[in-house]
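Structural features, examined
Take a look at the letters that make up each chain.
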Amino acid sequence: MPRRAKGPRLYLDTTRGDWIVRDGALIVRTGCRERERVKAEKFLEKYLGKKHRPTPSSSPMIAEVLAAYGSEVAPDKPSARNIGYNITNLLKWWGDKRVADVGVKSCKAYIKTKTPAGAWADLKVLKASVKYWHEEYGPLDSLPLFWKPELNGPKERWLTRSEAARLLWAARRYQHMRRMILLGLYTGSRPGVLLSLRWDQIDLDAGMMLRRPRGKAEDKKKKSPRVRLGWRITAHLRRWKRLDGAEQIVCHFADSWHPGARQVSNPHGSWAKIIKAAGLPGVTRHTLRHTRATWMMQKGVPIWEAAGFLGMTVKTLERVYGHHSPDHQEAAANI
C-alpha cells in the first residue's frame, strides 16, 4: 500500500545551509539561509496560499485543512503572524494525517512533543481550521474531539528594580532588545506591540503612544488603548529618534550580514542569550508587562487608572495583581 503524501514542509538543506520546501517529490528553494527561519516560514505560508485550491471533502488531509485556513482566514486576523507559526508547527506532526485521525489519544501524543501551553496554542488553530473546513468545504463525516491539557495558572513572575537593571545591562549589545525592555517596563505593552511599533505611532510633543498602527482595527480580545508616556521613557525616545533619523521601526535590528534596519519578528535567540547573561531563568518577554502592572500596584496607583493604562479589565488586574497593592485586604485585617 503506497504511503500517504505529506503536505508541503520546511526542511533545512544542511549541504547548502538554506531552507527548502518539500512538496512530495517537488523541492522548492526559499532563498533563505539557515538563520532566516522566520523568513522561510513566511515563504512557506505564501507557497501554501498560492498552491492550494480547496476541493470539498468529508475526510480531508489536515495539510489541506490548514492550507485553506491559512490562506482564507488567517490573513484577516490580527494574530496572522502567530497563526503562521502555529500552522508551520502543526504541519511537521499532523501534515500526513487526516482529520479523522484527530482525537484525544493523538492530541495527547502531540502535546508530549512540546510544552503544554505551546501545544495547546497550536491545537486551537487546528481546531479553528477544522471548524472552518466543516462549514465551508464539508460537512465532515464527524467533528473530531480535541483534548486540552491542564495549563499552569497565570504567571506572577515579575522583576525587582535590581533585576530590571541586570536585564538592561545584559541587553547592552542588543540595542533593539534594550529598547523593547525599556518600553515594556515603562508602558506595560505586550511584546508583539513593541516589536512592531513605528515612529508614527509616537507623539513626543504630546507624550502619547498608540499601541496599534494607524488605521488598524482594535482586537476584540486584546485591547490596545493609547498610553501616556512618562518623562523618563520620553527622554529615551527623543534620543532614539535623533539616532534613527528616517528609520520607521522603533525596535529595529541591523548588522553586517543584513544591510539596513529591519523589523524584529522573532527574537527568541537574542532573548535567551540576554536572560542567561542576566542570570534570570524563567523570565519571558511578557514578564515586562507583569512587572509594570506589579510596580503600579505596589505604588498604590488606583486600580481603574492602572487597568486603563495597561488595556486590561479592572477584574483581571484585581485578580492577578491586586494582592501587590499596599491597601490589599487592609480593611479586613483591621476589623
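See the structure above.
Presented here is a report on the structure given in the accompanying data block. No experiment lies behind these values; they were computed from the predicted model shown.

A look at the overall build of the protein chain
- A tally of helices and strands in the protein chain yields 14 helices and 8 strands.
- Buried positions account for 44% of the 335 residues belonging to the protein chain.
- If you take every contact in the protein chain between residues at least 6 apart in sequence, the share linking residues at least 24 apart comes to 59%.
- With an accessible surface of roughly 19200 Å², the protein chain has 53% of that area assigned to carbon and sulfur atoms.

Observations concerning the sheet that holds strand 5 (residues 208-209)
- Strand order in the open sheet formed by 3 strands is 4-5-6, and the pairing between neighbours is antiparallel. A strand with exactly one partner marks an edge of an open sheet, and here the two such strands are strand 4 (202-203) and strand 6 (227-228).
- Where strand 5 meets strand 6, 2 bridges bridge the pair, whose relative direction is antiparallel. Looking at the pairing, M208 lines up with R228 of strand 6.

Some thoughts on the environment of A119
- Mapped onto the secondary structure, A119 falls in helix 5 (residues 116-136).
- For A119, a relative accessible area of 0% gives the class buried.
- Spatially, the C-alpha atom of A119 lies 9.0 Å from that of N89, the residues being 30 residues apart in sequence.
- When neighbours within four sequence positions are excluded, A119 is seen to be in contact with Y110, I111 and K114.

Here's the deal with the nonpolar core
- Core analysis: the biggest nonpolar cluster contains 46 residues, and L167, L183, I202, L237 and L317 have the highest contact counts within it.
- At the level of elements, helix 6 (161-170), helix 7 (175-187), helix 8 (191-195), helix 9 (231-244), helix 10 (268-278), helix 11 (287-298), helix 12 (303-310) and helix 13 (314-321) are the ones that each hand at least two residues to this core.
- Here this core takes 6 residues from helix 7, the largest share from any one element.
- Setting aside anything within four residues of it in sequence, one finds L237 in contact with L183, W199, I202, L204 and L229.
- Core analysis: the second largest hydrophobic core is formed by 39 residues, A68, L91, W94 and C107 among them.

A short note on the environment of H290
- Tracing the chain through its elements places H290 in helix 11.
- Looking at H290, the relative accessible area reads 12%, which means it is buried.
- In this structure the C-alpha to C-alpha distance between H290 and L185, which are 105 residues apart in sequence, comes to 8.9 Å.

Digging into the pattern of salt bridges
- Under the criterion given, the structure shown has 7 salt bridges.
- The closest approach of N and O atoms between D13 and R29, which form a salt bridge, is 3.0 Å. Of this pair, D13 sits in strand 1 (residues 9-13) while R29 sits in strand 3 (residues 26-33); the two residues are 16 residues apart in sequence, bridging distant segments of the chain.
- We classify D13 as buried; its relative accessible area is 13%.
- Overall, R29 belongs to the partly exposed group, its relative accessible area being 36%.
- Between E41 and R37 there is a salt bridge, and its shortest N-O distance comes to 3.1 Å. Taken together, the positions of E41 and R37, both in helix 1 (residues 37-51) and 4 residues apart, correspond to about one turn of that helix.

Criteria and thresholds
- Residues numbered from 1 in each chain as written.
- Predicted model: local features only at pLDDT ≥ 70, side-chain atom pairs only at ≥ 80, totals over all residues.
- Heavy atoms only, no water.
- Helix = DSSP H or I, 4+ residues; strand = E, 2+ residues; numbered from the N terminus.
- Buried < 20%, exposed > 50% of the residue type's maximum accessible area, 1.4 Å probe, protein only.
- Contact = heavy atoms within 4.5 Å.
- Areas by Shrake-Rupley, 256 points an atom, 1.4 Å probe, with all protein chains shown as cover.
- Pairing = 2+ DSSP bridges.
- Core = buried A, V, L, I, M, F, W, Y, C linked by side-chain atoms within 4.5 Å.
- Salt bridge = Lys/Arg side-chain N within 4 Å of Asp/Glu carboxyl O.

Structural measurements only, silent on function.
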